[in-house]
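Commentary on secondary and tertiary structure
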Amino acid sequence: MNMDEEDDFYGGSLVESESDYADDSESDDEEKESEAEDIELPQGVQAEIDTDFNRLVSNIRMTDDVSNAAMLHREWDFNIAQQDAEFRDDLREASGIGKKKGKKRGRQHGPVLSHQVRALIGEGNQAYVDGNIPDAIRIMQEVIRIEPRASSAWSVIAQCYEDSNEPKKALQLRIMAAHLRHDADEWERLAAQSRDLGYNQQAIYCYSKVYSLDPTNVDALWDRASLAKEINDLRTARHSLLAILKRFSHDMTVLAELRPILIEVSDLPLCASLYQAALEHYQTVQPLGPAQPIDPSLTDQPSPNQIFGFIDLLVLADLYNTMAEYDHAIQIIRKGCRWLQGRASQRFWDGCVDDREYDLPREERGNVNVERSGDVQPGHYPLDVNARHRLAIARIKLGEVEEGKMHASIVLAQDVLDYAALFGEIADSYFEREMYADARPIYEVLGADPATSSFYVLLQVAVCRRMLGDLQEAAEVYKQVIDADQTNNDAKMKLAELYEIMDEPRKALELVYQVIDSRKRRTHQPEATPTPGTVPQPQGASLFEEKSRTKAKTPAPGKSRLTLAELKALEEQREREVILGYNRVEDLWPRMLHGDVEAEREWMIEAEKLVEMFRETRNLFLTTRDYDFKGMFPKRRIQRRDDTDEDRMLSRLELNERDKHTRRAKDGGQASEKVDSFRGVTFSSWLRIFMQYAFVLTKRGDYDQAEEVLRHVLLSNAYRDSDSQNTIRIAIITCAVYAGKFSIAVEQCRKIINTHQFNNEAFRLLLVSLASGHRPTDSFVSSTLQKHVLRELRLHDASVKTPELMKWNVVGRKYNLSSSGKEEPSKVEEEVDEEAEIPGPMESNTTENTAVRMPTKNNPIIVALYVYLLHAYDYCPEDPVICLSLAIASLGRAMQRQSDNRHHMIAQGMAFLSQYRTLRKSSDDEMLAEVDYNFGRAFHQLGLYTHAVSHYERVLEIAEKRGSEYASVAKEAAYNLSLIYVTTGAVPLADGLYKRWLSI
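Rules used throughout
- Residues numbered from 1 in each chain as written.
- Predicted model: local features only at pLDDT ≥ 70, side-chain atom pairs only at ≥ 80, totals over all residues.
- Heavy atoms only, no water.
- Helix = DSSP H or I, 4+ residues; strand = E, 2+ residues; numbered from the N terminus.
- Buried < 20%, exposed > 50% of the residue type's maximum accessible area, 1.4 Å probe, protein only.
- Contact = heavy atoms within 4.5 Å.
- Areas by Shrake-Rupley, 256 points an atom, 1.4 Å probe, with all protein chains shown as cover.
- Axes fitted to C-alpha atoms, helices over the stretch in contact; angles between N-to-C directions.
- Left-handed = near helix turned anticlockwise from the far one by under 90°.
- Core = buried A, V, L, I, M, F, W, Y, C linked by side-chain atoms within 4.5 Å.
- UniProt positions renumbered as here; feature names shortened; annotations may be inferred.
- Phe/Tyr/Trp six-rings, centres within 6.5 Å; stacked < 30°, edge-to-face > 60°.
- Lys NZ or Arg CZ within 6 Å of the ring centre and 35° of its normal.
- Lys, Arg positive; Asp, Glu negative; His and termini not counted.
- Salt bridge = Lys/Arg side-chain N within 4 Å of Asp/Glu carboxyl O.
- Polar contact = N/O pair within 3.5 Å; in protein donor to acceptor, adjacent residues only side chain to side chain.
- Expected span 1.5 Å × (residues − 1).
- Disulfide = S-S within 2.5 Å.
- Parallel < 35°, antiparallel > 145°, perpendicular 65-115°, else oblique.
- Nonpolar A, V, L, I, M, F, W, Y, C, P; charged D, E, K, R; others polar.

Identification of the chain as TPR-like protein from Suillus subaureus is taken from an unreviewed UniProt entry.

Here the focus is the overall build of the chain. Helices and strands together make up the secondary structure of the chain, namely 44 helices and four strands. Expressed as a percentage of the 1000 residues in the chain, the buried residues total 42%. Looking at the chain alone, contacts between residues at least 24 apart form 60% of all its contacts between residues at least 6 apart. As displayed, the chain offers around 55,400 Å² of accessible surface, 51% of which is attributable to carbon and sulfur atoms.

Next up on the list: the packing of helix α42 (residues 945-962) against helix α44 (residues 987-997). Helix-helix packing is described using two parameters, namely the angle between the two axes and the distance between the axes. Remark: α42 packs on α44, axes separated minimally by 14 Å, with the N-to-C direction vectors making an angle of 35°. Crossing hand, α42 versus α44: left-handed. In this structure, α42 uses Leu-956, Ala-959 and Glu-960 to contact α44, whose residues at the interface are Leu-993, Arg-996 and Trp-997.

Moving on to the nonpolar core. Trp-603, Phe-614, Trp-686 and Tyr-719 are the most contacted members of the largest nonpolar core, which totals 94 residues. The leading source of residues in this core is helix α29 (residues 683-699), at 10 residues. Each residue touching Phe-614, except ones within four places of it in the same chain, is listed here: Leu-620, Phe-621, Phe-678, Phe-683, Trp-686, Phe-690, Ser-716 and Tyr-719. Formed by 62 residues, the second largest nonpolar core is a distinct cluster that contains Leu-241, Tyr-275, Leu-316 and Cys-337.

In this section: the UniProt feature "repeat: TPR" (unreviewed entry) in the chain. If you check UniProt for "repeat: TPR" (unreviewed entry), the listed places come out as residues 184-217 and 929-962 in our numbering. Note that residues 184-217 is 79% helix and 0% strand, and that its end C-alpha atoms are spaced 9 Å apart. Counting secondary structure, residues 929-962 comes out at 94% helix and 0% strand; the distance between its end C-alpha atoms is 11 Å.

This paragraph deals with the packing of aromatic side chains. One pass over the full model with this rule turns up 21 aromatic pairs. Between Phe-614 and Phe-690, the ring centres sit 4.8 Å apart and the planes meet at 70°, which makes this aromatic pair edge-to-face. On the criterion of sequence distance, the pair formed by Phe-614 in helix α27 (residues 597-615) and Phe-690 in helix α29 is long-range, its members being 76 residues apart. Residues Phe-614 and Tyr-719 carry aromatic rings whose centres are separated by 6.3 Å and whose planes lie at 35° to one another, so their mutual orientation is tilted. A residue pair is termed long-range when its members are at least 10 positions apart, and Phe-614 in helix α27 and Tyr-719 in the loop between α30 (703-714) and α31 (722-739) qualify at 105 residues. Each member of the pair, Phe-614 together with Tyr-719, is buried. Following the ring pairs from residue to residue traces out a cluster consisting of Phe-614, Phe-621, Phe-678, Phe-683, Trp-686, Phe-690 and Tyr-719. For the cation-ring pair, Arg-343 lies above Tyr-381, with the distance from its terminal atom to the ring centre recorded as 3.6 Å. Above the plane of the ring of Trp-997 lies Arg-996, whose end atom (NZ or CZ) is 4.1 Å from the centre.

Attention shifts here to the side chain of Asp-485. Secondary-structure assignment places Asp-485 in the loop between α23 (471-484) and α24 (489-501). The buried charged residue Asp-485 lacks any salt bridge, with Lys-492 as its nearest oppositely charged partner at 8.0 Å. Engagement of the side chain of Asp-485 in a polar contact is seen with the side chain of Thr-487, the distance being 2.6 Å.

With that settled, the discussion passes to the pattern of salt bridges. One pass over the structure, following the stated rule, counts 43 salt bridges. Residues Arg-395 and Glu-400 are paired through a salt bridge, measuring 2.2 Å at the closest nitrogen-oxygen approach. A residue is classified by how much of its surface remains accessible, and Arg-395, at 3% relative accessible area, is buried. One salt-bridge network, held together by shared partners, links Arg-440, Glu-444, Arg-465, Asp-470 and Glu-473.

With that out of the way, let us pick up α27. The terminal C-alpha atoms of α27 lie 27 Å apart, and with 19 residues this matches the ideal 27 Å at 1.5 Å per residue to within 8%. Of all the positions in α27, only Ala-599, Trp-603, Met-604, Glu-606, Ala-607, Leu-610, Val-611, Phe-614 and Arg-615 are classed as buried. Buried residues along α27 sit in contact with α26 (564-593), β1 (677-678), α29 and α30. One side-chain oxygen at the N-terminal end of α27 lies 3.2 Å from the backbone nitrogen of Glu-598; it belongs to Asp-596.

We now examine the state of the cysteines. Summed over the entire model, instances satisfying the criterion amount to zero disulfides. Between Cys-883, a cysteine without a disulfide, and Cys-876, which holds the nearest cysteine sulfur, the sulfur-to-sulfur distance is 8.4 Å. By relative accessible area, which is 0% here, Cys-883 ends up buried.

Direction vectors running N to C along helix α12 (residues 218-230) and helix α13 (residues 234-247) enclose 150°, while the axes themselves pass 8 Å from each other. Taken together, α12 and α13 sit at an angle that is classed as roughly antiparallel. α13 is crossed by α12, and the crossing has left-handed handedness. The segment α12 lies against α13, with Val-218, Leu-221, Trp-222, Arg-224, Ala-225, Ala-228 and Lys-229 engaging Thr-236, Ala-237, His-239, Ser-240, Leu-241, Ala-243, Ile-244 and Arg-247. Of the residues contributing to the contact of α12 with α13, the split by class is nine nonpolar, three polar and three charged.

As structure tokens, then:
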């Protein structure tokens, strides 16, 4: 080391130790003391201070005589007056007397070092200059022991280790020294060194210090985020990128880096909000779209590569689809693509509920048939296949199946090798909607090509075939999967279930034995443990625990905090609360029925508490509905659940093999374990509370909440039996009819019809729900209901005429027409009910293979319901309802202008009406009144008032005789008779009818 370097070294160390360090508290004290009044020191104290100062100066000069001339020149090159003033201020501060004079000094870094420490620092520096590294380290360690905040000592030791070729220890010491200097550039150098040595956590810490000292240093944030992303520290990377995004709002490069991190940590709402804000920002900057030139008057203009592009639009749509916000996804695609195409001003497209804006031109449609109604014509604007795929997914999952199918058919017309991922997502959407007939061909296309096939696709094909009743074809697919992967126990268990349903217990037993053997072998195999040193980790010198983070999910904090005894005590407390609430609800119900407003308010509060408590209990809403409610603390078996299923199936199959006539399952004993109450209240009482609560909500106008409660209860494991399901569905129908939601009533009636195949009571329930009125009529003539009735009509007809074509579907527990019959496949596929619900599991396994009895006679009810009245009359000419319906239809046709033979239709109508009267002959006065009213109504319609009046008056006579006008059609007859009187001028007679029959 030359003389100049020695000067720099000594001078730098002394200056740092004396003036560069100070505590924040010291500077604060200086500020406070500077505000005090100026107090002059006493004469004796002032003399003592002057003496001490002179003595200190002489000592320093004697100590530095051993230094060379250059160093002396550097050391004593200062202003004597300034040093004297500072020294006096320090003494005044120490004594607490007087006011510091002169200019206020800037903030110091570190403490004021004592004479001993300064002397030791000088000795250590001299030892380092002389090349005596051990002595330099020893002396500086002594300095640190005395004053750990002396940064120069840390720096000298670090340099000693650096010269000794120990860079890791030197790095540690420099980091300790950097904490005393608060220099952002130094922290950035230390971060780079730590990163080069592989100390990633330490480097992240250094980058954090850089940003805390220099908030404008965005590069440090970016490096911190990049390094955190490399070591899978997603939390740190997320925090850093969000900090950058605050400084550079809506920067698409930062968003692109942040997106996978937010998706990985499942923070989709934040990711969607950031992209949504970016889209709105760029739409504001370029309102006409990026296809138009940027307005030079706008100040905040994005660079050409900083613009919300098509890929970002797809990302935002995917985020909304993943979060089940399908309406937002649709609007993003429609409005976003319009903006990207430079058509942002065409806002009139937002008024269209469909996607006609992006319909294909007629010459490009192919097999896609789209019929649009309304004044707005299709726009035929181009739409990328990827964007159309997002629209299809959103429309299908939203329930707008027809619009979704239109988009899906366009996507599916592409090459499967190029768009396999899009094909799979569309199939999954159909599958989630239980539209197995639509999902199946897509999965089969994917499974037919080795480049797009996978175990997942094949298993989905098998599930679709099973759900559609093709058990043999589903079994073939499972066989292919098992042949390709002998360790796939799930496929083996699924195939064993199919074999059991197909009454092939030996094959099922063989598969179950294989699964059990595989399970036993797996339990005896030692788990693979990672060998130490497999993943190289930096050793020794890092100040942090350097371990790469894994993506394994840590157990949720707070899980199993309560012991079993505490949980049982808590459950007992809740049971007492439920019993008190239930008793209170039972007491209030009679008072509420009598119109007590206060009782009704209190009843609603108590009932809401009970309902919400039931709905929030997870044990009542298990993920699988194959098991009944076993209580809050069911007995647990040592084996895992999958093992239990395998053992259960094994026992069942062995029993079936042993005795073909006695089909019991091991779970048959579980019927005795079924719990029929929850927290002291029986499930039937719970169900009554749910229905009462729903009825009161509906009467109050809150039908949506009532429907939500009943639909949720419908999914409970406590109400798996058929009677409970029917009761809840009928309650939903009741609320829907009261609220005028007839489409909901039709939906629930259809599900009851599917559950009770070949049962006329379900159709009668449908007719009762749609009694009269315009809105019920609209629901009755809807295409979905008419198609459903037509399918049931065909099934009834086929079961009577060609029963060999009927195939029992074990999964759906209903008969379907076999595709192997004489009908065309396309015709059979049209008959698949897209909205039909697969009925829930039955109460025991003994009834799974039991098919319902097929009808042997023609059923006139469905034919009449489909308005094939003459056909129904051929089936049952002695049904009075059919005869009355034919009479009404004939007379109505006769009154139309297009009637070809009006007299023939009138005669035919009166003939059917006479047949109806013959079939309804009875001694019961109410039936006679009904017949007379219908005859009077027929003559009234034909204008034969004399005959109509005689029949109406006979109805009123019967009502007078019975003394109860409310039990007959007396009011309707009186009203119609009054119309005839007013028309013919007999107003006094009409007034008499009003006073007697039509007054309240």
